Amino acid sequence: MSRTTNDIENVSNTLNQSVTQLISSVVTVVGALVLMLSLNVWLTVVSLITIPIVMLVTGKIAKHTRSYFTGQQQSLGELNGFIEETVSGQKVIKVFRREKKAADQFRSINSRLREVGIKAQIYSGTIGPVMNVVNNLGFAVIAAVGGWMAYKGWTSIGVIVSFLNYSKQFSRPVNELANQFNMIQSAVAGAERVFEVMDAETEDEEASDRPPVPSVRGEVRFEEVSFGYRADHPILKRVSLTAKPGDTIALVGPTGAGKTTIVNLLTRFYDVTEGRITVDGRDIRELDKISLRRQLGIVLQDAYLFSDTIRENLRYGHLDATDAEIEATAKLAGADGFIRKLPQGYDTRLTAEGKAT
């Protein structure tokens, strides 16, 4: 949530404010440079000596500030996530009297955010004064060299005065961009976090020529299946089991034993590392993934209800289901009785937390 709000907003604000100024600055710099060259080539060369100094100083400061601005955006995201969890779980926090612990956690995260934010602003804030010092030194060098050239009779006082004015016009856009350096750095840090999401690997696309899953009898076999979310930490090791059509099987074990992992493998949210899983004798990796999932019905441990009617929530997995089919399903699950006791029955609207409105 923080990446799609704060980080993108940082990038947007920087583009809105900096792009126009960047174009204006480039035009001003090019125009001033052309006029300076027309007045005196040697003095123009002298004035350009400050450019490498500016680039060197900016690069040195940027090396420090980039990490601080990245840390600032990360801490801001962590703080937003903590606040969202705290607000959503407010009742649980109060029931277990965790208000003080939650406040301490907030202060800890906020302290880290303040610390990196102050460092980022201090380092980036030095850009403007340093640029002023460099530009003033450049102005002094130009005045000294121009005075010496006028003394030698190689140029006139009027040319030197005009040149000094144009050199100010040349350095002013550079100073303005330097003063926006902290905004640009914050936008770069935000853009990096946004692109981490955009560049994340998506579910593997499969060839469209894989055969769809026909109506299944329901025989499921795990044959010497091994799997781990990380290569160095296997969850399942050479697991074999058979579920025949009509069987009712319970998977029992402590947290982390692999119960949910078995369901994830069967639905192909992950593919097995070793062995194979078959449905009616066919390896599920050889079947169309979408078609396979249409044959499966899953009731998750944590149910999520959308802000809509009960009828539409029940229809979510099968959009062309009739009202009669929905009510028959509710009866099968033992939910029809209490649904009909609600104010509008199946047409009662729910919030995302499952409360009737």
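Residues numbered from 1 in each chain as written. Predicted model: local features only at pLDDT ≥ 70, side-chain atom pairs only at ≥ 80, totals over all residues. Heavy atoms only, no water.

A separate point is the overall build of the protein chain. From N to C terminus, the protein chain includes 13 helices and four strands. Radius of gyration (C-alpha) of the protein chain: 33 Å, far over the 21 Å computed for a compact globule of 357 residues. A principal-axis box enclosing the C-alpha atoms of the protein chain has dimensions of 105 × 50 × 40 Å. The contacts of the protein chain with a sequence gap of at least 6 include a subset with a gap of at least 24, amounting to 71%. Accessible area for the protein chain stands at about 23100 Å²; split by element, carbon and sulfur atoms hold 59% of it. Counting 40 positive and 39 negative side-chain charges, the protein chain places the averaged centre of each group 8 Å from the other. (Helix = DSSP H or I, 4+ residues; strand = E, 2+ residues; numbered from the N terminus. Rg over C-alpha atoms; globule rule 2.2 N^0.38 Å. Contact = heavy atoms within 4.5 Å. Areas by Shrake-Rupley, 256 points an atom, 1.4 Å probe, with all protein chains shown as cover. Lys, Arg positive; Asp, Glu negative; His and termini not counted. Charge placed at Lys NZ, Arg CZ, Asp CG, Glu CD.)

As a packed pair, helix α1 (residues 2-39) and helix α3 (residues 50-88) sit with axes 10 Å apart at the nearest point and diverge in direction by 140°. One element, α1, and the other, α3, form an angle in the oblique class. For the pair α1 and α3, the sense of crossing is right-handed. Contacts from S2, N6, D7 and N10 of α1 reach α3 at Q73, L76, G77 and N80. (Axes fitted to C-alpha atoms, helices over the stretch in contact; angles between N-to-C directions. Parallel < 35°, antiparallel > 145°, perpendicular 65-115°, else oblique. Left-handed = near helix turned anticlockwise from the far one by under 90°.)

Another aspect to go through is unusual backbone geometry. Of note, R97 is a non-glycine position whose phi angle comes to about 55°, a positive value. By secondary structure assignment, the location of R97 is in the loop between α4 (90-95) and α5 (99-125). Even without a glycine there, the phi angle at D280 is positive, about 55°. Summarising the element assignment, D280 is placed in the loop between β3 (274-279) and β4 (282-283).

Another aspect to go through is the pairing of β3. Looking at chain direction, strand β1 (residues 220-227) and β3 are connected through five bridges and run antiparallel. When the sheet's bridge partners are listed, R221 is paired in β3 with T278. Pairing analysis gives two bridges linking β3 to β4, with the strands arranged antiparallel. Each bridged residue has a counterpart across the sheet, and for T278 the counterpart in β4 is D283. Joining the antiparallel neighbours β3 and β4 is a turn of two residues, in which D280 adopts a positive phi near 55°. (Pairing = 2+ DSSP bridges.)

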